[in-house]
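Residue-level listing of the chains:
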2 protein chains.
Amino acid sequence: MPATDADLIRTLVTPERLREFFAPRSIAVVGASDTSGWARFVAASCQAAGFSGPLIPVHPAHRTVFGRPAVASLRDLAEPVDVAFIMAPAGAVESVLDDAGAAGVRHAIVLAAGYRELGEPGRAAEQRMIARAAAHGITVLGPNCLGFLNAHAAAAPFALTVPPPLLAGPVGIALQSGALASVVLAFAHAHAIGVSTLATMGNEAMIAATDVLEYLIEDDATGVICLFLEQISDPARFARAAERADRAGKPIVVLKAGASPAGREVALAHTGAVAGDDAVVDAVLRQLNVIRVTSIEELLSTAALLGYDRWPAGRRMGVVTASGGACDLIADRAAAEGVEIPEFAPETVAAIDPLIPPFASVRNPLDVTGYFLANRRTSALTAVDHALAAAAADPGLDFVLFTGLTLPQARPDETAAAVLAERAAWLGERIASAPIPVISVAHTCVDVSEYGREVLDRGSIHMLGGIDLGMTALGHALRWLENRGRPQGTVIGGGPARSAAGGAPWSEAAARDLLAGSGVPVVPGELVNSADAAVAAAQRLGLPVVLKVCSAQITHKSDIGGVAVGPRTEEEVRAAYARVTAAGRGVPGARVDGVLVSPMRAGGLELIAGVTVDPTFGPVLAVGLGGVWVEVLGDTSLRVLPVYPGEVKRMLGELRGSALLRGARGSRPADLDALAEAICRLGDAAAALDGSLRALEVNPLWVDGDQVEALDVLIVTADRSKEGP
Amino acid sequence: MPATDADLIRTLVTPERLREFFAPRSIAVVGASDTSGWARFVAASCQAAGFSGPLIPVHPAHRTVFGRPAVASLRDLAEPVDVAFIMAPAGAVESVLDDAGAAGVRHAIVLAAGYRELGEPGRAAEQRMIARAAAHGITVLGPNCLGFLNAHAAAAPFALTVPPPLLAGPVGIALQSGALASVVLAFAHAHAIGVSTLATMGNEAMIAATDVLEYLIEDDATGVICLFLEQISDPARFARAAERADRAGKPIVVLKAGASPAGREVALAHTGAVAGDDAVVDAVLRQLNVIRVTSIEELLSTAALLGYDRWPAGRRMGVVTASGGACDLIADRAAAEGVEIPEFAPETVAAIDPLIPPFASVRNPLDVTGYFLANRRTSALTAVDHALAAAAADPGLDFVLFTGLTLPQARPDETAAAVLAERAAWLGERIASAPIPVISVAHTCVDVSEYGREVLDRGSIHMLGGIDLGMTALGHALRWLENRGRPQGTVIGGGPARSAAGGAPWSEAAARDLLAGSGVPVVPGELVNSADAAVAAAQRLGLPVVLKVCSAQITHKSDIGGVAVGPRTEEEVRAAYARVTAAGRGVPGARVDGVLVSPMRAGGLELIAGVTVDPTFGPVLAVGLGGVWVEVLGDTSLRVLPVYPGEVKRMLGELRGSALLRGARGSRPADLDALAEAICRLGDAAAALDGSLRALEVNPLWVDGDQVEALDVLIVTADRSKEGP
């Protein structure tokens, strides 16, 4: 797209414009006819949302459409509508945009498919269409999208079914797959999860998912943000938005497609966009304190917990149930999520003891047993309710998980309904005033019925959809809370995609110089060109030593016999020198710079630390333990650059073999601060190479207590112009 | 319990008796009053199940209970009922059993708690109560249970709510947590999953979960079995039943509590039973081809797939959807479950191509796009339906996953309802007659509404609850199908729990003899008592060698300096001999038998193979790679003994480091047959020690290509009486 168009578009996708766009008070549906399913969906959605403004069908041939008077063209509108939903086929869209421009319409949704997803010709058509819109000063959502809805603004230019009633709530949603919108709304509806704004993104020709993300961060009605993403197209902006969301206390929950190579291929087929390596995506999201989930159920349940419940200050959970089996399930899931279930305080035990049958015992997790269910009561309240109140006052807990409220699927008789309503009101009051958060959860993921919603509304209670999803959501929420502040200063390089293929390897000497210059401790070494010099160097450095043939053309020295480890005597050094130089000379086309002599390092641990360039996210740092850890287990931790030492220490902690760094198996514990510092400097060295970097690898990076040294360095850049003298 | 009682009980818990028990035609509820919630639940459950036989309240003080004429005692019955549901408190149960005996009642459910779960006094009371029942020839379910229901027999002496209508189907269920029964039924109801018999087990004083398992295996109405277990009390019987179920083609799906130490503690608190180490439980279930799940949703969804859908013959999946997002999610989940999504055959592509819009492409997974939704049709059928028919005829697929049928939550207008009914009927017919199974799945885990159930019934279609649960269920089902036949001949030792503490270690010489005698290759070795003899032995065996001090009292020789690795010369052997004997002599109370000289083994890989005794499951074989693999990663594979070589090869394949055995990192690939054979023999050696075994460990078990040798052996038995000369 020419720069002028891009500039123009920037003026059309401002926060102010999006605020207007997503709260229209009048809507035109262009191409609406009685036989158009899309138009029917929009009319039904507006009704479900309680839209009270004008909804005007526009069609050249129909006088009325679904009972409403139609106009022939947008030009015939008495006054401009806030949003035009354009359902015309791709070929007719530009002319409709002309009409819209002439009519003073400033916001349009384009439904038509047949643009970028068709490849090059479609991409050109899309750019033409967007340029036309921009020329008219029209902001466009789509094309190839299904519109949006805003429950708080009661507006829904949305071409899919909305299960009525549309519940307004704290969850803002942007979806890169339009068809999933109705699936998301159905699940949200089934679990009484209220939505603020939901937008389907389509091809994102003008408004991108990150724009909607930024809008949702600013939107007062939105407390938590759900994204379904097939790609993260502008990682730098996404990172800035994520940091802003973190600061604003608005968690972002992402369902990112393409976790598997097969999934990536599928996503590619649908969007034409190349998704980055999923392990990098995972690292980026973790770095940005964005919650990543793997199902729609998990997406919405996590958002519901963070959007409706008060946030726990820690991991100490009280559990109040009326079922031993539920206690079992919760205890197992809690262990998996790292949630603690400490003993109740003595005063809690004393308060609960009289509430439960003599054969039951007061412990956390608590099973008050089902016996209270079986006896007619004078009060609406039951043992489980009073037990909840007692547990919520326990000074040793951070929150209480409560499964004691079971909602019937159908409305019971009036007496029972009155009892339940009274109970819900009492519980709601207690939950609201409890010293610690109370998280209410159903046993399984069954729908909240219409009647169930009424009951919950009586107490302003939200109930999570099942122990399994609820505990998963809780784990996400606790990690998010603990990591707040972490994305601060995370700047993701991004920029245009660069090919990581090809490139020129540096000589080892130049590579060692670059690292040393960046402050990475590098093992001492002398480049020699004779056996005598090798012996002299070995004596200066201290035997035993390591000899390596040096040549920019030989990147895998060991494979060709170019490395000699451990010569201990003058004789052995001479033999080793002869061996490695001969090996180097045997490589066709290799210019041998000499032989590098270094002291041999024994004991300690060997790590691998390297930087590669991801086509989407830029330079990515990988850290792992050497040997089987990387080669067999693929046990590495990733981050996009830049990183700071605290983040690198987190990376080291994520390794499956991290116990080794802490001194497992009798070795000296590694000085993690020194190690993290060295790895950070290594990242700086890579960053200094900027766009020229292809790969930088230190293998091994040796650590023994507080001694850290790069023993072997490989640098590859686009060309060798950056290589030092 | 005295042997005579146990014998008597065996005659009361036969398959015939259970068949009668679980299909009662008349039920008495003893202790029923209008204020008893339990009795009300039973009456409502019977109504929901369509029970048409007599349901007779029994109460000394009431003439009528919930509108039915009551009798004062079971003795007043005109003729014996098939089942008496005894709701009397624990103290009164025995006298009610006397009444039942006198009245000729042969089956009783005991609701009362306050027995074994209270500890020793309760345990005695329970035994007394059961002995009384046995003396009267009465079979008892419980105590501390909530009864059962049998949907096919339309009987429900079941003291919890049943969401009506109770749907009869293929899923048999036994639960060791009674309170979960209503949770299980609610989820089953929400997903139109029909139940055959559901039983709550309570304390299993007479009828155990394994008895119900055996009943369900024989029950013609049951096609798949769900168990919620807090413990597996008789593993040997459970193993036999699992093998029978596997042979009968009735999958068993288990939700076993106590996966975490916290969860085990909770389960213990509820049942008073000690659960075995969860890793062993996991191994046992895998060995028995029992599917293990972690949530109720997963339990029932897996059962529904196996109970309703035709079983796929392989892992090649076709996917037909109307949503790109659904394709993304399915592809990612399929990769995680190891399900393949191959290309469609050319004839399939040709058949589907005309069905979809020009901007869409025919690929597997298929997105027909939502466009067909938007246009009024003359036929009830849509593109997705015809695409399904085409995919189900693809010769390169084993089954098709179909998300194209979306059920509305509420009944639509008559026209739409008629269209949907016609579509469902057509789809049902196609699915039934398709060459390969078609598995229908909803997008998320939302309830199937009453109207939705009607639609599904029209086509006899079952729909799985969401892509996420559906794919999890599919993964389980495929693994189950692939492993059929595997439990054959699995005999789990079980028997009474044995303390694994204490015991006497053997001398290394005796331990080596036992292994060698069982056919395990053991590294050559000579026990010597002088430096001269050590040198001579070293020369015979070949230098370098390993010297180890031998003493039954020294089990960790390396820790005290009792091992010398690698002496290469006579001099070094002498020095090593002096060193290790001195180290041995330094251990107070140790009787040194001598020094074992063995050739040193270099290269190859070191494994650990050992047998310990689980208190529940008996001897358990553990196999792992040595070094960090076991020490840092805890990477071992477990099986209960006996094992056969094929199973040991599976164990080796389960190791995270198994690539090393296949020759990763340049080493010689291990001869897996030779290795598995040696490990099997090691298991035989352990089994030969029978009840006396405490531990047998070979560490390291060395393998280099086809050379396999036990380098170091430790055996501990209850006492040393089994130790050879």
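Above this note sits the structure.
Computed from a predicted structure; not experimentally measured.

Glancing now at the packing of helix H14 (residues 383-391) of chain A against helix H15 (residues 414-433) of chain A. A pair of packed helices can be characterised by two numbers: the angle between their axes and the separation between those axes. Residues and elements named next belong to chain A. The N-to-C vectors of H14 and H15 enclose an angle of 10°; their axes lie 10 Å apart at closest approach. Comparing the axis directions of H14 and H15 gives the class roughly parallel. Residues Val384, Asp385, His386, Leu388 and Ala389 of H14 form the contact with H15, whose participating residues are Arg423, Trp426, Leu427, Arg430 and Ile431. Classifying every residue of the contact of H14 with H15 by side-chain character gives 6 nonpolar, 1 polar and 3 charged.

Our focus in this paragraph is the relation of the copies chain A and chain B. With an RMSD of 0.1 Å, the operation that places chain A on chain B is a rotation of 180° combined with a shift of 0.0 Å along the axis. What we have between these two chains is a two-fold relation. Every residue of chain A has its C-alpha some distance from the rotation axis, and the shortest such distance is that of Asp447 of chain A, at 2.9 Å. Most of the interface of chain A is mirrored in chain B, where 100% of its interface residues again form contacts.

Okay, the pattern of salt bridges next. Scanning the model with the defined rule gives 78 salt bridges over all chains in all. A salt bridge links Asp282 of chain A to Arg292 of chain A; the nearest nitrogen and oxygen atoms lie 2.8 Å apart. With a gap of 10 residues between them, Asp282 of chain A in helix H10 (residues 278-287) and Arg292 of chain A in strand S13 (residues 291-293) connect regions that are remote in the sequence. The class of Asp282 of chain A is partly exposed, set by a relative accessible area of 27%. A residue is classified by how much of its surface remains accessible, and Arg292 of chain A, at 17% relative accessible area, is buried. The residue Glu454 of chain B makes a salt bridge to Arg411 of chain B at a minimum N-O spacing of 2.8 Å. Of this pair, Glu454 of chain B sits in helix H16 (residues 450-459) while Arg411 of chain B sits in the loop between strand S16 (399-402) and helix H15 (414-433); the two residues are 43 residues apart in sequence, bridging distant segments of the chain. By relative accessible area, which is 37% here, Glu454 of chain B ends up partly exposed. Through salt bridges with shared partners, a single ionic network connects Asp278, Asp282, Arg286, Arg292, Arg486, Arg639, Glu647, Arg650 and Glu654 of chain A.

Think of interface size as the accessible area that goes away when the parts come together; that is how it is often given. At the junction of the two partners, chain A supplies 79 residues and chain B supplies 79 residues. Together, the buried faces of chain A and chain B total about 5,900 Å²; carbon and sulfur atoms form 63% of this surface. At the boundary of chain A and chain B, one finds 0 salt bridges. Looking at the side of chain A that touches chain B, the elements with two or more residues in it are helix H3 (37-49), helix H6 (180-190), strand S12 (252-256), helix H9 (261-271), helix H11 (296-308), helix H12 (324-337), helix H21 (628-631) and helix H23 (658-661) of chain A. The element that contributes the greatest number of residues to the side of chain A that touches chain B is H12 of chain A, accounting for 9 residues.

Conventions adopted
- Residues numbered from 1 in each chain as written.
- Chains lettered and ligands numbered in written order.
- Predicted model: local features only at pLDDT ≥ 70, side-chain atom pairs only at ≥ 80, totals over all residues.
- Heavy atoms only, no water.
- Axes fitted to C-alpha atoms, helices over the stretch in contact; angles between N-to-C directions.
- Helix = DSSP H or I, 4+ residues; strand = E, 2+ residues; numbered from the N terminus.
- Parallel < 35°, antiparallel > 145°, perpendicular 65-115°, else oblique.
- Contact = heavy atoms within 4.5 Å.
- Nonpolar A, V, L, I, M, F, W, Y, C, P; charged D, E, K, R; others polar.
- Least-squares fit on C-alpha atoms with pLDDT ≥ 70 in both.
- Salt bridge = Lys/Arg side-chain N within 4 Å of Asp/Glu carboxyl O.
- Buried < 20%, exposed > 50% of the residue type's maximum accessible area, 1.4 Å probe, protein only.
- Buried area = accessible area lost by both parts, 1.4 Å probe.

Everything listed here is a matter of coordinates, which is why it stays silent on function.
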